[in-house]
Amino acid sequence: GLGIPAEPLFRSGNPAEGTKHRSISTSIKHGGKQSLCVELSDKNKQAVYQYAELKNDPFDFNKSYTFSVWIKMENVQAKDDFGVKIGFNRKGFDGNRYDMREDVDLGTYDWKKFSVTVPKPVATKMQQFDVIVDIGLGSGKIYLDDFEMVEAASTSPTTAKPTTQAPANNNTRSEERVSRN
């Protein structure tokens, strides 16, 4: 691992807009014993994320990384232009943000692995580094499992098109995991 805490955090937008719409599923999962299920809401945006600050020295923020997550969707429809995105938030020592988001396919499908690669920063050194799944307004359920971030083999950014699709019977792994490896 790269020093990112194992359990992702969950944010439900502005707390005044509604409650968190998430649960742990032990019956629908890609790997391990459970996955995170997020029900979309037409009242507030939500996010699953993990952040790290350089002062805690978790890993080298100034390299290129690939973030991936396995996603399964049930009748997911967006009610705004935001949809569902995966990506990175980075804050530089120059005070600027160097964020990157890529769209994730909506609808209904079995487990697919989505990945996005952030290039090595060139303008400034980074002081904060986050990986995130942003979820806009809408309806349906999203299941998330097997989050992972690894040093990228390439420094070219990539899009969040599915990189791997799981076989239909891939719901019986024995490791406990809701988070990345």
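Thresholds, definitions, all that
Residues numbered from 1 in each chain as written. Predicted model: local features only at pLDDT ≥ 70, side-chain atom pairs only at ≥ 80, totals over all residues. Heavy atoms only, no water. pLDDT = per-residue confidence, 0-100. Helix = DSSP H or I, 4+ residues; strand = E, 2+ residues; numbered from the N terminus. Contact = heavy atoms within 4.5 Å. Phe/Tyr/Trp six-rings, centres within 6.5 Å; stacked < 30°, edge-to-face > 60°. Buried < 20%, exposed > 50% of the residue type's maximum accessible area, 1.4 Å probe, protein only. Lys NZ or Arg CZ within 6 Å of the ring centre and 35° of its normal. Pairing = 2+ DSSP bridges. Salt bridge = Lys/Arg side-chain N within 4 Å of Asp/Glu carboxyl O. Core = buried A, V, L, I, M, F, W, Y, C linked by side-chain atoms within 4.5 Å.

Visitor: With reference to specific residues and values, describe the confidence of the model for the protein.
Guide: Residues of the protein with pLDDT of at least 70 account for 73%, and the chain-wide mean is 77. No element of the protein has a lower mean pLDDT than strand β11 (residues 162–165), which averages 42, and none a higher one than strand β8 (residues 107–118), which averages 95. Every residue in residues 1–8 is under pLDDT 50, and counting partners more than four places away or in other chains gives 27 contacts. Counting contacts from residues 158–181, a segment whose pLDDT is below 50, to residues more than four positions away or on other chains yields 81 contacts.

Visitor: Which residues make up the packing of aromatic side chains, and what are the values?
Guide: Counted by the stated rule, this structure contains 10 aromatic pairs. A centroid spacing of 5.7 Å and a plane angle of 45° characterise the contact between F61 and F129, whose relative ring orientation is tilted. Taken together, the residues span a long stretch of sequence, with F61 in the loop between β4 (46–53) and β5 (65–78) and F129 in strand β9 (residues 126–135) at a distance of 68 residues. Comparing F61 with F129, the two get one shared label, buried. An aromatic cluster is present here, built from F59, F61, Y65, F67, F88, F129 and F147 joined pairwise through their rings. The positively charged end of K85 is found above the aromatic ring belonging to F82, 5.4 Å away from the centroid. In this structure, K112 is placed above the aromatic ring of Y109, and the distance from its NZ or CZ to the ring centre is 4.2 Å.

Visitor: An account of the pairing of strand β3 (residues 35–39) is needed here, citing residue identities and associated values.
Guide: For β3, the tally of buried residues reaches 4 of 5 residues, placing the bulk of the element in the interior. Note: strand β2 (residues 22–25) against β3, 4 bridges, orientation antiparallel. For S25, the partnering residue across the bridge sits in β3 and is S35. Across 4 bridges, the pairing between β3 and strand β10 (residues 138–151) is antiparallel. Bridged to C37 within β10 is Y143.

Visitor: Quick one: what's the story with the pattern of salt bridges, residue by residue and with numbers?
Guide: The tally for this structure, following the rule as stated, stands at 7 salt bridges. Among the salt bridges present, the one from D42 reaches K79, with a minimum N-O distance of 3.9 Å. Here D42, found in the loop between β3 and β4, pairs with K79, found in the loop between β5 and β6 (84–92); they are 37 residues apart in sequence, far enough to count as distant. For D42, a relative accessible area of 46% translates into the label partly exposed. Of the charged contacts in the structure, one is a salt bridge between D134 and R101, with a shortest N-O distance of 2.6 Å. Taken as a pair, D134 in strand β9 and R101 in strand β7 (residues 100–103) lie far apart in primary sequence, 33 residues in all. With relative accessibility at 7%, the residue D134 sits in the buried group.

Visitor: Account for the nonpolar core, naming residues and giving values.
Guide: Of all hydrophobic cores here, the largest spans 31 residues; its most connected members are F67, I71, F88, F129, V133, I142 and L144. Looking at this core, the elements with two or more residues in it are β3, β4, β5, β6, β8, β9 and β10. Among the nonpolar cores identified, the runner-up in size contains 5 residues, and C37, W70, W111 and Y143 belong to it.

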